[in-house]
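# Architecture and fold: a report
Chain residues, written in single-letter form:
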Amino acid sequence: YKTWGPPKLLAPQFADLRFSVPTFVQWGKKIINHKDSFNDTLFYYPKNGFQQLWDRLAEKLQAYGMRIVYGATVERLNVQNQRAVSVTISQNGTQEEIPSEWVVSTVPAPQFIKTADGLAPKGLATSFPCRGLLIVIFFIDQEQCLPARVVICPESRFLFNRLTEQNQFSRETVPSGKSVVLADIIIENDSSLWERSDEDIIQLTSRQFVETGLVSAHQIKSTFLVRVDEAYPLPSTARELAQQQLNQAVQKFENIVTTGRFASSDYNNSHTAMKKGMLLAQWLVQKKTLAGWFDAAEQLRQRPIRD
């Protein structure tokens, strides 16, 4: 409930994909092979942080002559005769229409529906529930605070759903002898907590972080808050049905594809999302049918993901 709301609203297949019930044999192996460290012995992560991946990808694309437009908003997806003919974007108050051979959209489903006239019923855009994310970031005068990279906090007495320690992902991203911890709070965008000031949220979260016993108040040197609207698509039955309708509508067009967590309701991890993107690139290069792509994407989407 704390993360995704009332369980009765969640799609049953979501639980099958994201959670496992350990057997007695599995529990026994965990007890026998118990280690002091809760982190994996082998863990791959970009040395300079996750942004390094996207920066490198952008460099490669631009080296091949690709144009990347930053800070733009998609205004319209222009379609004619079951094809996307162009995309209209706005940037710094100026609109530009870009001709399209293919449109691969990662735009959130509700926005995508609203920008594409005739692609899907406009009323469908309201059937994709999401939750917002508050991230309180702590800069700490200590080498390490958490017993693992990620600590899940299901207790109702804590606002945050989990704590993550960046320097346990990559030591190079945080100054030596220091630590950076992120507290994730997943809530409704219209909740009373969301409406509170940054200062109030930081003070409340800081106090609860200290109550965990993982850090002392004097070790927290600075904090700040990041707000992300509609960061978490809710894996509800309603959203699942709406996504199926959207996929059926998109498949009627010859050169439009949607992919990504917000565009196709994939509650996946980053590596799975990247794998799906690479699969799509191969599909387009090989000029396979889009109907076949949606079948392949659904098979990938149904693979279990365990955190």
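Residues numbered from 1 in each chain as written. Predicted model: local features only at pLDDT ≥ 70, side-chain atom pairs only at ≥ 80, totals over all residues. Heavy atoms only, no water.

### Section: the state of the cysteines
- Across all of its chains, the model carries zero disulfides by this definition.
- Here Cys145 stays free of any disulfide, with the sulfur of Cys153 as its closest cysteine sulfur at 13 Å. (Disulfide = S-S within 2.5 Å.)

### As for the side chain of Thr164
- Structurally, the position occupied by Thr164 is in strand 7 (residues 162–165).
- For Thr164, a relative accessible area of 12% gives the class buried. (Helix = DSSP H or I, 4+ residues; strand = E, 2+ residues; numbered from the N terminus. Buried < 20%, exposed > 50% of the residue type's maximum accessible area, 1.4 Å probe, protein only.)

### Some remarks on the nonpolar core
- Core analysis: the largest hydrophobic core is formed by 29 residues, its most contacted members being Leu77, Phe112, Leu119, Leu246 and Ile256.
- Put simply, the parts of the chain that give this core at least two residues each are strand 2 (83–91), helix 4 (109–115), helix 7 (237–250), strand 10 (256–258), helix 9 (270–285) and helix 10 (290–301).
- Here this core gets five residues from one element, more than from any other, and that element is helix 10.
- Within the second largest apolar cluster, 23 residues are counted, among which are Cys153, Leu163, Leu193 and Phe209. (Core = buried A, V, L, I, M, F, W, Y, C linked by side-chain atoms within 4.5 Å.)

### Description of the sheet that holds strand 7
- Here we have five strands laid out as an open sheet, ordered 6-7-8-5-9, and antiparallel in their pairing. A strand with exactly one partner marks an edge of an open sheet, and here the two such strands are strand 6 (150–152) and strand 9 (220–233). Across the sheet, the mean angle from the axis of one strand to that of its neighbour is 20 degrees, orientation sign disregarded.
- Both strand 6 and strand 7 contribute to a ladder of three bridges, which runs antiparallel. Along strand 7, the bridge assignment pairs Val151 with Leu163.
- This element, helix 6 (residues 198–211), spans strand 5 (130–140), strand 7, strand 8 (179–187) and strand 9 of the sheet and lies at about 110 degrees to strand 9. (Pairing = 2+ DSSP bridges. Axes fitted to C-alpha atoms, helices over the stretch in contact; angles between N-to-C directions. Contact = heavy atoms within 4.5 Å.)

### Some thoughts on unusual backbone geometry
- Positive phi outside glycine occurs at Asn81, with the angle close to 50 degrees.
- As for its placement among the helices and strands, Asn81 is situated in the loop between strand 1 (73–80) and strand 2.
- On the basis of relative accessible area, Asn81 is assigned to the exposed category, the value being 71%.
- Of note in the backbone geometry, Gln82 takes a positive phi value of approximately 60 degrees without being a glycine.
- Of note, Gln82 is situated in the loop between strand 1 and strand 2.

### Examining the sheet that holds strand 2
- Reading across from one edge, 1-2-3 is the order of the three strands in this open sheet, with antiparallel pairing throughout. Edge strands, defined here as strands with exactly one partner in the open sheet, are strand 1 and strand 3 (94–99). Across the sheet, the axes of successive neighbouring strands diverge by a mean angle of 20 degrees, strand direction being ignored.
- Pairing analysis gives seven bridges linking strand 1 to strand 2, with the strands arranged antiparallel. Within strand 2, the residue paired with Arg76 across the bridge is Thr88.

### Notes on helix 6
- Across its 14 residues, helix 6 extends 20 Å between first and last C-alpha, which sits within 8% of the 20 Å expected from 1.5 Å per residue.
- Within helix 6, the full set of buried residues consists of Ile201, Ile202, Leu204, Thr205, Ser206, Gln208 and Phe209.
- In this structure, the buried residues of helix 6 make contact with strand 5, strand 7, strand 8, helix 5 (192–195) and strand 9. (Expected span 1.5 Å × (residues − 1).)

### Comments concerning the packing of aromatic side chains
- Throughout the structure, instances matching the rule amount to nine aromatic pairs.
- For the pair Phe139 and Phe224, a centre-to-centre distance of 6.0 Å together with 25 degrees between the ring planes defines the contact as stacked. Of this pair, Phe139 sits in strand 5 while Phe224 sits in strand 9, and the two are 85 residues apart along the sequence.
- A relative accessible area of 37% means that Phe224 is categorised as partly exposed.
- Ring centres of Phe158 and Phe160 lie 5.2 Å apart, and the angle between their planes is 10 degrees; this geometry places the pair in the stacked category. (Phe/Tyr/Trp six-rings, centres within 6.5 Å; stacked < 30°, edge-to-face > 60°.)

Remember, this is a structural readout, not a statement about activity or role.
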